[in-house]
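# Coordinate analysis (summary)
One letter stands for each residue in the lines below.
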Amino acid sequence: MRKLAILFLLSILTSLLNAQWVQTSEPRDGIANGGGTGGTVNCFAVRGTNLFVGAHYGVFRSTDNGSSWTGAYVGLPWQEVIAFAVSGTNIFAGTNGAGVYLSISDGTSWSAVNTGLSGSFVTSLVVDGGNLFAGTSDGGVCISADNGLSWTPVNNGLTSTTVTSLAVSGPNLFAGTISGIFRSTNNGTNWTQVNNGLTDGEITCLGVSGTNIFAGTAGVAIGGGGIFLSTNSGSTWTQVNPGMTLRSIAAFAVSGAKVFAGTYGDGVFLTTDNGASWSTVNTGLTNTIEYRRVKSLAVSGTNLFASFEVEGSVWLRPLSEFPMPQTWYVNVVNGIDSYDGLSPTVTSPASGPKQTIKNAILAASDGDMIIIDYGNGIWYNESVVIYRKLTFGVSNNNGTGTPVIDIMGIANTVTFTSPLRLVEGIALSSGSVTGAGNLMLDDNATVSYVGTQLDGAMVYAGRINLVSAVLVSGTTIPSLIWPAVPSTLVTNFQVGNGPGIVTNLPGSRTVNGNVTITTGTLSTSASNFALTLNGGFTNS
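Nothing here was measured: the structure is a model prediction, and the numbers come from that model.

Across its full length, the protein holds two helices and 48 strands. Per-residue burial over the protein gives 50% buried out of 540 residues. Counted over contacts in the protein with a minimum sequence separation of 6, partners at least 24 positions apart contribute 43%. Roughly 21,600 Å² of accessible area belongs to the protein as shown, and the carbon and sulfur atoms make up 52% of that amount.

With that out of the way, let us pick up the sheet that holds strand 1 (residues 22-23). Across the sheet, four strands lie side by side as 1-28-27-26; this open sheet has antiparallel pairing. If you trace the sheet from one side to the other, it starts and ends with strand 1 and strand 26 (294-300), each paired once. For strand 26 and strand 27 (residues 303-308), the ladder comprises six bridges, and the chain directions are antiparallel. Bridge pairing links Val299 to Leu304 in strand 27.

What follows covers the pairing of strand 14 (residues 163-169). The element strand 14 is extensively covered by neighbouring structure, given that five of its seven residues are classed as buried. Here six bridges tie strand 14 to strand 15 (residues 172-177), and the two strands are oriented antiparallel to one another. Counterpart to Ser165 in the pairing with strand 15 is Gly176. The turn joining strand 14 and strand 15, which pair antiparallel and follow one another in sequence, is formed by two residues; a positive phi near 60° is taken by Gly170.

All right, on to the pattern of salt bridges then. Scanning all chains against the criterion turns up four salt bridges. Where Arg28 meets Glu26, a salt bridge forms, and the shortest distance between an N and an O atom there is 3.1 Å. Classification of Arg28 by relative accessible area gives partly exposed; the value is 36%. Between Glu321 and Arg317 there is a salt bridge, with its nearest N and O atoms 2.5 Å apart. Arg317 shares its class with Glu321; the two are buried.

Turning to the confidence of the model for the protein, a few remarks are in order. Low pLDDT marks regions whose predicted coordinates should not be analysed in detail. Summarising the model, the protein shows a mean pLDDT of 74, and 61% of its residues fall at 70 or more. Low confidence marks residues 397-404, where pLDDT is under 50. Its contacts with residues over four positions away, or in another chain, come to 32 contacts.

Turning our attention to unusual backbone geometry. One non-glycine residue, Asn65, adopts positive backbone phi at about 60°. For Asn65, the position within the fold is in the loop between strand 4 (58-62) and strand 5 (70-71). On the basis of relative accessible area, Asn65 is assigned to the partly exposed category, the value being 33%. Positioned with a positive phi, Ser233 is a non-glycine residue whose angle comes to about 60°.

For the rest of this paragraph, the subject is the sheet that holds strand 12 (residues 140-144). Pairing is antiparallel across the open sheet formed by four strands, whose spatial order is 10-11-12-13. Looking at the sheet topology across the chains shown, the edges are occupied by strand 10 (122-128) and strand 13 (152-153). Inspection of the sheet shows strand 12 paired to strand 13 by two bridges, in the antiparallel sense. Note on strand 13: the bridge partner recorded for Ile143 is Thr152.

Here we come to the environment of Ser120. Inspection of the secondary structure assignment puts Ser120 in the loop between strand 9 (111-112) and strand 10. Considered as a pair, Ser120 and Thr136 are 16 residues apart in the sequence and their alpha carbons are 7.0 Å apart. Among all residues touching Ser120, those that are not within four sequence positions of it are Thr95, Asn96, Gly97, Ala98, Gly99 and Asp138.

A separate point is the side chain of Asp106. In this fold, Asp106 is placed in the loop between strand 8 (100-103) and strand 9. There is a polar contact of 3.3 Å between the side chain of Asp106 and the side chain of Asn50. Setting aside chain neighbours within four positions, we find Asp106 in contact with Arg47, Asn50, Phe52, Arg61 and Ile91.

So, on to the nonpolar core. Ranked by internal contacts, the top residues of the largest apolar core, which has 26 residues, are Phe44, Val59, Phe84 and Trp110. Breaking this core down by element, the ones donating at least two residues are strand 2 (41-47), strand 3 (50-55), strand 4, strand 6 (81-87), strand 7 (90-95) and strand 28 (314-318). Excluding its chain neighbours within four sequence positions, the residues that come into contact with Val59 are Phe52, Val53, Thr70, Gly71, Ala72, Tyr73, Leu76, Val81, Phe84 and Trp110. Ranked by size, the runner-up nonpolar core spans 18 residues in total, among them Phe260, Leu270, Leu285 and Tyr291.

Judged by which residues are buried, strand 20 (residues 227-230) turns out to be covered on both faces: Ile227 and Leu229 on one side and Phe228 and Ser230 on the other are all buried. Pairing analysis gives four bridges linking strand 19 (residues 212-217) to strand 20, with the strands arranged antiparallel. Looking at the pairing, Ile213 lines up with Ser230 of strand 20. Of the strand pairs in this sheet, strand 20 and strand 21 (residues 238-239) are connected by two bridges, and their pairing is antiparallel. Its bridge partner being in strand 21, Phe228 is matched across the sheet by Gln239.

Moving on to the packing of aromatic side chains. This structure, assessed with the given rule, holds seven aromatic pairs. An aromatic cluster of three or more residues is present, and its members are Phe60, Tyr73 and Trp78.

Further remarks concern the environment of Val22. Mapped onto the secondary structure, Val22 falls in strand 1. The exposure class assigned to Val22 is buried, which follows from its relative accessible area of 6%. Through-space distance from the C-alpha of Val22 to that of Leu285 is 7.4 Å; in sequence the pair is 263 residues apart.

A few words now on the environment of Leu390. Of note, Leu390 is situated in strand 31 (residues 390-395). For Leu390, a relative accessible area of 2% corresponds to the buried category. Considering only alpha carbons, one finds Leu390 and Asp368, 22 residues apart in sequence, at a separation of 5.4 Å.

Rules used throughout
- Residues numbered from 1 in each chain as written.
- Predicted model: local features only at pLDDT ≥ 70, side-chain atom pairs only at ≥ 80, totals over all residues.
- Heavy atoms only, no water.
- Helix = DSSP H or I, 4+ residues; strand = E, 2+ residues; numbered from the N terminus.
- Buried < 20%, exposed > 50% of the residue type's maximum accessible area, 1.4 Å probe, protein only.
- Contact = heavy atoms within 4.5 Å.
- Areas by Shrake-Rupley, 256 points an atom, 1.4 Å probe, with all protein chains shown as cover.
- Pairing = 2+ DSSP bridges.
- Salt bridge = Lys/Arg side-chain N within 4 Å of Asp/Glu carboxyl O.
- pLDDT = per-residue confidence, 0-100.
- Polar contact = N/O pair within 3.5 Å; in protein donor to acceptor, adjacent residues only side chain to side chain.
- Core = buried A, V, L, I, M, F, W, Y, C linked by side-chain atoms within 4.5 Å.
- Phe/Tyr/Trp six-rings, centres within 6.5 Å; stacked < 30°, edge-to-face > 60°.

Spelled out as structure tokens, the structure:
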């Protein structure tokens, strides 16, 4: 047995070196379930160096990050454990039908603490100061001021008593229910519904990062669901789903500015910018639907843990593998660099190996910012492929030159925060562009969109090739502006519902030049649409 544990530990260490998720050993021992598995892992708890899992068949404890497990369920009933809370040396376990249990011995033994508890199906537990709160699916919220020895229901104003999640942020207590979110400012004595901005009222989980509150939903509402953020104590909520490929959210875990979201079908996502963008962090996970249905997430020490809808499935990944975004500096002066494009710090002007935009992209990680210096006006031509979620900005530290990007094949979201001029063109094969109003295309540039999304206005000076494109999320097409040039050639004009069909265009569109449409027609369903041509129009 010892040899197997050593081999398993070596397996974990090897996987950690490869920067990916690694599966821990299975929570089980020789007694539970006739010597079998503890079953599906529903929740985690951390106390010191002890990691606890609440499973279908009780509680298990690990002192070595999951390399080995010990049953910790003496005194527990045979109902699954679905919620934990830790307060000092006290560990509370919420069960699926038998109320709340308390251990003062790191899980060595448990005792029931249910006096006055209004519900037996405990979905969430949270500690706030000297108070312990229990959220239930059959009795609303209860409070205990004596470590669970006695409970008092606190449901005044809580119109939905099917509680799925509890969270504390400052003086506020939040309850997520199947009918939205409720807030209490007086320890549950009174509740107020705070659903302003929510488009899906079936709340599955809540997470707190500083003063920001995240709410996950079941994703059942058409066009709604996913993740919502409140920065004002729940008074209003904003949908924050950029990058999310699934809107059924199961769990949150927070480590500083890193917020992890577990989905019910597409694994784990990470944001480092409060939900402005999300990216998948599933490397190493078994690529089957069962291993992408997250049950719970937790941070323990320097590791992130996740459980999935597979019996005994617990995985870990070091938090160090999720670095915070960095800023990379690059100068496009021909042959001379003021900044080191492979360093996140600004250095003094110096000669050296030519650092290019491509080098900066290769050095960057998802979410990083690349600052481009205009240099001395000498264009350095390069063809780059952007395959990460990046943000581009412009430095004003040196010169007024223009960077040149030949082609960008974008497989993820790219954001432009400052005006950038692309001389050769831009090609989007997938993904999307935000901050598009900061892009200018030269008169010889070619623009090609294939099934992509573009957010905001773009300034065009050249040929536009729109093929089965969606220019913005939704039905409203952003402003398309063609500056005065000898000729504007619009080829294969296809937007929205098919070839040559432009729908729901409010206001007007101005083209300062000649327009030639080689395929299809230009039409609109908007009654107030006007097309102004400051040049000729040809439909070939």
